[in-house]
Amino acid sequence: MLELAITKKLKNFSIDTAFNVAEEIVVLFGPSGAGKTTILNCIAGLTNPDEGRITLNNRRLYLSKEKPIPVQKRNIGYLFQDYALFPHMTVKKNIDYGMKDKALVHKLISVIGIEHILDRYPQQISGGEKQRVALIRALATEPEALLLDEPFSSLDDKTREECQRELLRLHSIWKIPIIMVTHDYKEAEMLGNRILLIRQGKLEK
Amino acid sequence: MNYTPLLLSLKIAGIATCIVLVFGTLFARLLARNQFPGKRIIESILMLPLVLPPTVVGFGLLYLFGNNGPIGSILMQAFDFQIVFTWIGAVIAATVVAFPLMYQSASAAFQNYDRNIENAALTMGASKFRVFWTISFPLAWPGLLAGLVLTFARALGEFGATLMIAGYIPNKTETIPLAIYFAVETGNSEAATFWVLSIIAVGFSAILWLNWWSGRNILKFTNDK
């Protein structure tokens, strides 16, 4: 269970939001610039809220006026919009970078079916393959929660649907809280157990 | 022909390049992506030796490291150690004058890749130290190497500040640029020509290699389908 209640002042508005995520996929849906990515960054620990609290499985990640748990110790997977694969490492080295259990990674690779590209570099594989590699790389660290920032936005329709199905399949095996940011309503409906509408940093019913 | 100026020049430029590599990379990494008040002022000070005449840098160093200067007097009293008129003075001059070139290249190199690449490594549990060595440094390496070549070439050619702090002492502080100047002064045009040609050869090879190498790297990152 991921719980958060945070406020953070941005340039033109303030984020002021609170929600919980159980072992489900929650979609943060809203226009660009609504503060969705900033909320993910606060959960991951890449930036900090001004006030509030964030807990994951009763572990306190952030609490006002206390020293926040650093990014490296949060154990939260993060899939960036542009995947942020390490361009100077092969796919295999990318996945191994934060790997905890070799057998599990082996299984993930064969479930998703990317054995044939393990020795290639990120600039030598397609967009859909990059997306899959980034997802496996994030799961290889055995995170307690997963954050996805517009993970399918740069894929063509066919690849997007395949990747979305794979995410649902993985989530049915791997029950962790997943928060996904998107501004595609069809995608939000297809993947989200719940959809939270965010506008100007605040939840709308 | 006495080859001491060549060996001395290589030694001084080599050591200066190593110092500049460490500090230039460090400062660039610290300043490149952090915003804080006074950053522009610090950056301007770091870049200053690039626009100042080397004689001004030499004057400043002479003031600091002279036997009566604030640093020089401490070294003299504590360790009986003199920097002025030694090859170490030449290393300091070359370091200060070449530093901005490395800083500029390194600074650009650390801003040249997507910051989320580092963030991704952090979310995967890697320490900041590991992220620097396995992600930031390799990704910035082409830019750092370009800075290194420029630094070495600039250090090799340093004349004004070196003359002021290290002076011209044959076989002790006689680098190639100094050897050229004093060969001309004493009418020894044969030696002057030799050193002029050799320093042109070194400078030209460094730039040529740099151009070839960076061109090859750009190809590697774009056409590697």
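Keep in mind it's a predicted model, so treat the numbers as computed, not measured. (Residues numbered from 1 in each chain as written. Chains lettered and ligands numbered in written order. Predicted model: local features only at pLDDT ≥ 70, side-chain atom pairs only at ≥ 80, totals over all residues. Heavy atoms only, no water.)

## Some points on the side chain of A:Arg160
Residue and element names in this part refer to chain A.
- By the element assignment, Arg-160 lies in helix H5 (residues 157-173).
- Given a relative accessible area of 18%, Arg-160 falls into the buried group.
- Setting aside residues no more than four positions away along its own chain, Arg-160 makes contact with Phe-152, Ser-153, Leu-155, Asp-184 and Glu-187. (Helix = DSSP H or I, 4+ residues; strand = E, 2+ residues; numbered from the N terminus. Buried < 20%, exposed > 50% of the residue type's maximum accessible area, 1.4 Å probe, protein only. Contact = heavy atoms within 4.5 Å.)

## Observations concerning the sheet that holds strand E3 (residues 25-29) of chain A
Residue and element names in this part refer to chain A.
- The strand order E6-E7-E8-E3-E9-E10 describes an open sheet built from 6 strands, whose pairing is mixed. Two strands lie at the open edges of the sheet, namely strand E6 (76-79) and strand E10 (202-204), each paired on one side alone. The mean inter-strand angle of the sheet, taken between neighbouring strand axes irrespective of direction, is 25 degrees.
- Note that strand E9 (residues 194-199) and E10 share 3 bridges and pair antiparallel. Within the sheet, the bridge partner assigned to Ile-198 lies in E10 and is Leu-203.
- Each of E3, E6, strand E7 (145-149), strand E8 (178-182) and E9 touches helix H1 (residues 36-44); the most contacted strand, E7, lies at about 150 degrees to it. (Pairing = 2+ DSSP bridges. Axes fitted to C-alpha atoms, helices over the stretch in contact; angles between N-to-C directions.)

## What about the environment of B:Thr151?
Residues and elements named next belong to chain B.
- Within the secondary structure layout, Thr-151 lies in helix H7 (residues 128-157).
- Considered as a pair, Thr-151 and Ala-78 are 73 residues apart in the sequence and their alpha carbons are 32 Å apart.
- Residues within four places of Thr-151 in sequence aside, it is in contact with Thr-17, Val-20, Ala-98, Leu-101 and Met-102.
- Polar contacts involving the side chain of Thr-151 include one to the main-chain carbonyl oxygen of Gly-147, which spans 2.6 Å. (Polar contact = N/O pair within 3.5 Å; in protein donor to acceptor, adjacent residues only side chain to side chain.)

## So, the UniProt feature "transmembrane region" (unreviewed entry) in chain B
All names here are of chain B.
- Under the UniProt annotation, "transmembrane region" (unreviewed entry) lies at residues 12-32, 44-65, 85-110, 131-153 and 192-213.
- The distance from the first to the last C-alpha atom of residues 44-65 is 23 Å, and the span holds 91% helix and 0% strand.
- Along residues 131-153, the helical share is 100% and the strand share 0%, with 31 Å between the first and last C-alpha atoms. (UniProt positions renumbered as here; feature names shortened; annotations may be inferred.)

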